[in-house]
Amino acid sequence: MRTIRSAGGDPKPERKFKCAFGGSNLLCTVPANAVCEMTGEILEPTLLEKAMKLELNELESFGVGKVVSRAVAFDTARQHRRRVLTSRWVLSVKSAGLYRARLVVRDYASCGGSTLDEGIYSPTTSLEGLRLVLSFVCQRGDLVSADVSVAFMHAKNVRPEAISLPGNIVGAKDKDTVYVLLDRAMNGLRSAPLAWYQELSGHLKDLGFSGGVDPTIFRKGTFGRDLLIVLFYVDDLLIWCELKGVAEKVFQELARKYKLKKTGFIPEKGVGEVSFLGRRIFRRAQDQGSNKIYFGLPAAYLEDTAKEFGITKPGRLPSLERTYANLIKDETKAVPLSKEGHERYRRVLGRLAWASLTRADLQYVVSFLGRFQAGPNEAAEQCMRTTLRWVV
């Protein structure tokens, strides 16, 4: 058996395991010096082996694809004007003593076109659509939020795809590269969001729902009597019904087909909270008995944004136009920011722009600061600092 040297110089056997996959037996070698892609932490091989086994077994349980020869993989790709896609492991620490290993397809701008050009564009939820659903919540009914685990695996491919598995996975007999014809939409496929959209929307229609102007909102029943709405964005779902307990029943119905996890609940006139697209939707204890709800970003979001500049104390917001005009009179304030300063300016501007979608009072500020995003100077950065003191 091949060995590697540990930090102390003692030989350490390389960890390997076998598994059934796609109608064949595979041999997987666990990387000895793998690191978490989020933190750079060196991963412990025993825990990493467990995570990789879990991922491969889960892919096999979904019937993600069939192992084929190299010739079949390349012939299939050529016939459909595609190419054989490679794949890689994405490794991270989920919690102390628990790793996550995801097998992800490298599908970079396939054939050089956009998803729209290639006919694989998937509809996305609009903020207006979400506000429409929340307007119903403000009147009556229960709201349930849910998350679909490994959503793409539930969906059939929308077009033929052939991939090669990472180099640490080989055939158990021939020790050669493994090629797979995919039946299911794997993570990383550019067509995967469309495949999942078609799967879920098709199932909702089978349950009696119908679509509308917003392609991610499906309804059933009549308003004022038994209206039921499902809104989804990839693997995040909101289920609302004006009849008590029905939203929960729909959740249970969907959970029988998909790996669904409830992430929040707001009962009619009761206290609760859900999360959707990174935003909090909640009703406070003091508002119990009413249908008032609150919608916005977690408070820590803007506080963390302000910390980019070390700002912790609040302040007033003066006229930014006047502030900039006065600052620019000083020639030193017209000096362009460094590369690092420019990157920070654009990063913070992006975070403020995201917040402005639910805070109308930020929209003018973002518009003003956005004038300088191509080449911010010291005066523009000072205006950004002033804005951050106001939002803390």
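Above this text you will find the structure in question.
Predicted model only: the values in this text are computed from it and were never measured.

S.K.: Tell me what's going on with the pairing of strand β18 (residues 279–283), and back it up with residues and numbers.
M.R.: In terms of burial, β18 is a largely internal element, 4 of the 5 residues being buried. The turn joining strand β17 (residues 272–276) and β18, which pair antiparallel and follow one another in sequence, is formed by 2 residues; a positive phi near 55 degrees is taken by Leu277. Of the strand pairs in this sheet, β18 and strand β19 (residues 294–296) are connected by 3 bridges, and their pairing is antiparallel. Each bridged residue has a counterpart across the sheet, and for Arg280 the counterpart in β19 is Gly296.

S.K.: If you had to explain the packing of helix α8 (residues 339–356) against helix α9 (residues 363–370) to someone new, which residues and values would you point to?
M.R.: For the pair α8 and α9, interaxial distance at closest approach is 9 Å and the crossing angle is 155 degrees. If you check the angle between α8 and α9, you find them roughly antiparallel. Of the two possible hands of crossing, α8 and α9 adopt the one that is left-handed. Together, Tyr345, Leu349, Leu352, Ala353 and Ser356 of α8 and Gln363, Val366, Leu369 and Gly370 of α9 make up the contact between the two elements. Here the residues of the contact of α8 with α9 sort into 6 nonpolar, 3 polar and no charged.

S.K.: I'd like a rundown of the environment of Ser135, residues and numbers included.
M.R.: Following the sequence through the fold, Ser135 ends up in helix α3 (residues 127–137). Between the C-alpha atoms of Ser135 and Ile293, which are 158 residues apart in sequence, the distance is 9.5 Å. For Ser135, the side chain forms a polar contact with the main-chain oxygen of Leu132, separated by 2.4 Å.

S.K.: Outline the sheet that holds strand β4 (residues 24–29), listing residues and values.
M.R.: The 3 strands lie next to each other as β3-β4-β10, forming an open sheet whose pairing is antiparallel. A strand with exactly one partner marks an edge of an open sheet, and here the two such strands are β3 (16–21) and β10 (169–171). Within the sheet, the average angular offset between the axes of one strand and its neighbour, ignoring direction, is 35 degrees. Note that β3 and β4 share 6 bridges and pair antiparallel. In the strand pairing of β4, Lys18 is matched with Leu27.

S.K.: An account of the environment of Gly270 is needed here, citing residue identities and associated values.
M.R.: In this structure, Gly270 sits in the loop between β16 (260–266) and β17. The class for Gly270 is buried, based on a relative accessible area of 7%. The spacing of Gly270 and Pro193 is 77 residues in sequence and 34 Å in space, taken between C-alpha atoms. If we ignore the near neighbours within four places in the chain, the residues touching Gly270 are Arg283 and Gln288.

S.K.: Provide a residue-level description of the pattern of salt bridges, including the pertinent values.
M.R.: Tallied over the entire structure, the rule returns 19 salt bridges. Between Glu37 and Arg88 there is a salt bridge, with its nearest N and O atoms 2.5 Å apart. One end of the pair, Glu37, is in the loop between β4 and α1 (45–61); the other, Arg88, is in strand β6 (residues 86–95), and 51 residues separate them in sequence. For Glu37, a relative accessible area of 41% gives the class partly exposed. Relative accessible area serves as the criterion here: at 27%, Arg88 is assigned to the partly exposed category. Between Glu55 and Arg102 there is a salt bridge, and its shortest N-O distance comes to 3.0 Å. You can see Glu55 sitting in helix α1 and its partner Arg102 sitting in strand β7 (residues 98–106), a full 47 residues away along the chain. Overall, Arg102 belongs to the partly exposed group, its relative accessible area being 24%. Each member of the salt-bridge network shares a partner with another, and the members are Arg15, Glu49 and Lys53.

Parameters and conventions
Residues numbered from 1 in each chain as written. Predicted model: local features only at pLDDT ≥ 70, side-chain atom pairs only at ≥ 80, totals over all residues. Heavy atoms only, no water. Buried < 20%, exposed > 50% of the residue type's maximum accessible area, 1.4 Å probe, protein only. Helix = DSSP H or I, 4+ residues; strand = E, 2+ residues; numbered from the N terminus. Pairing = 2+ DSSP bridges. Axes fitted to C-alpha atoms, helices over the stretch in contact; angles between N-to-C directions. Parallel < 35°, antiparallel > 145°, perpendicular 65-115°, else oblique. Left-handed = near helix turned anticlockwise from the far one by under 90°. Contact = heavy atoms within 4.5 Å. Nonpolar A, V, L, I, M, F, W, Y, C, P; charged D, E, K, R; others polar. Polar contact = N/O pair within 3.5 Å; in protein donor to acceptor, adjacent residues only side chain to side chain. Salt bridge = Lys/Arg side-chain N within 4 Å of Asp/Glu carboxyl O.

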